[in-house]
Each structure stands twice: as C-alpha cells, then as structure tokens.
Amino acid sequence: MPSPFRIAVLASGRGSNLQALIAARDAGELPVEFVAVGSDKAGAGALDLAKTAGIPSFVLNPRDFATRRDYDFELFARLDAIGADLLVLAGFMRIIDGDALKPWVGRMINIHPSLLPKYRGLHTHRRALEAGDTEHGASVHYVTAELDGGPVIAQALIDIHAGDDEHSLAQRLLAKEHRLLTAVTRLIAEGRLALAAPDGVELDGERLATPLRLAGDALTG
C-alpha cells in the first residue's frame, strides 16, 4: 500500500478552511493524512478543531523570537521534522521570510480572498467594493517569496450584489473558498497538479494557460 499523502496546515484564526478539509477527509473525498496543525496564536480556533479531530498541533509564538526571520526558520524546521508532503496556509496571517520558505516552494499553497493578481494583502473585500467591481472571488496559489504573488492554481468567482458590504461579501465567498481549497488539495494529493517552475502550473503534465475555475465542487480549465 502506498503511504498516504501527508499535509500540514498553518492557521491564525478560527480555521473554517481547515474544518472544510477535515470534513472532506472524513467523507472520503480527500485522500490525505493530517500530520500537524500549527499556529502563531494560542487562542486560534484552528487548534481546537485539530484537537477534536485528533490531529497533532503546535503553537509558535512570534514574541519568543528576536526577529521574524528567526521565527520563520524555526517554524519551517519544525515542519521539516514532521515530514509533510504539502503545507497549506489556511488563514495564516503572517508574511514569511523568503529564504525560510525557499525549500518549500512547490510544496506550499495559500488561499487568498481575491481574484489575484488583484488585491494582494489585507482588506480585499473592502477594496473590491471601493473599486466598484462587479465580481469578486478567491484564489489558491503556490507560495513564493512575493506576497500573494506565486503562480495562481485556481479561482472561485462570485457576483457582487447591490447593497453588499464587507461582511455579506465575505460570508458569501466563504463557502466557495472551502470548496476551492479542498478541490486544489485533492488534485495535488492525487499527484495530478504541480508547480511548473518558475511561474506556472501543470495539470496532468500540461501547463495551464489560465487558472482553473471552480464549478460546483470540481475544477475546470
């Protein structure tokens, strides 16, 4: 029997994307083994989800380190020791040192609530509304040293409605985020999706011309 595909998750908050991944695993829809959940915040809800699911977890407090670089190298040393095949950033609200993450390029993905390359960084829902956009969405991308700048794997789109505010927009997008992250993680775990260095994505050995799009629970070209 082949070894199960091993993933670790980093999260700073409630962990709703982690919960979606766990639910997909439990339903037999995601062929992975969770080997760790890590956080920079001791009160993160993601840690409670990990405990309930029986997933090993750890907290690494940034205040215990002299510099962000020191913190990041220790974080990735721990993840190396755990032996994850893939690292999923699911609401991990830190900018990571480029040298620390370099060995993980191609093995680390992030979900970001905008249609990248639009609105990197924070307050994406507000910025979409202020710009008068008619659509919004979420992106899953490979992580590189450039903030929210790695190759985009797949996106989910929603329409912006008249009367939407940041909260309504965020809430309507969240269910799409969950399905998007699960679908991308599944393709990677199945060995079908990979980084095409330095700035592309391959599906079944073919380089994608544009990011995949979420349709229902599946991704399409």
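Residues numbered from 1 in each chain as written. Predicted model: local features only at pLDDT ≥ 70, side-chain atom pairs only at ≥ 80, totals over all residues. Heavy atoms only, no water.

**So, the packing of aromatic side chains**
Then comes step 1: A full pass over the atoms with the stated rule returns two aromatic pairs.
Then comes step 2: Ring geometry for phenylalanine 65 against tyrosine 71: centres 5.4 Å apart, planes inclined by 90 degrees, an arrangement best described as edge-to-face.
Then comes step 3: When the ring centre of tyrosine 71 is taken as reference, the NZ or CZ atom of arginine 94 above it lies at 4.4 Å.
Then comes step 4: Over the ring of tryptophan 104 we find arginine 107; its NZ or CZ atom is 4.1 Å from the centre of that ring. (Phe/Tyr/Trp six-rings, centres within 6.5 Å; stacked < 30°, edge-to-face > 60°. Lys NZ or Arg CZ within 6 Å of the ring centre and 35° of its normal.)

**Looking at helix H2 (residues 45–53)**
Then comes step 1: Taken together, the buried positions of H2 are occupied by Ala46, Leu47 and Ala50. Seen along its axis, H2 keeps its buried residues to an arc of 100 degrees; they face one direction. The exposed set on the far side of H2, more than 90 degrees from its buried face, consists of Asp48, Lys51 and Thr52.
Then comes step 2: Tucked into the core, H2 has its buried residues touching helix H1 (16–26), strand S2 (32–39) and strand S3 (57–59).
Then comes step 3: Note on H2: the residue one or two positions beyond its end, glycine 54, has a positive phi of about 75 degrees. (Buried < 20%, exposed > 50% of the residue type's maximum accessible area, 1.4 Å probe, protein only. Helix = DSSP H or I, 4+ residues; strand = E, 2+ residues; numbered from the N terminus. Arc of directions from axis to C-beta. Contact = heavy atoms within 4.5 Å.)

**Observations concerning the layout of surface pockets**
Then comes step 1: Here the largest pocket is characterised by a volume of approximately 960 Å³.
Then comes step 2: Taken together, 40 residues line the largest pocket, and the ones lying closest to its centre are Gly91, Phe92, Met93, Ile111 and Pro113.
Then comes step 3: Contributing elements (two or more residues each) for the lining of the largest pocket: H1, strand S5 (108–112), helix H5 (124–130) and helix H6 (166–189).
Then comes step 4: Classifying every residue of the lining of the largest pocket gives 16 nonpolar, 17 polar and seven charged. (1 Å grid on protein atoms, 1.4 Å probe; cavity = no way out; pocket = protein on both sides within 12 Å on 5 of 7 lines; lining within 4 Å. Points joined across faces, edges and corners; volume = space filled by probe spheres on them. Nonpolar A, V, L, I, M, F, W, Y, C, P; charged D, E, K, R; others polar.)

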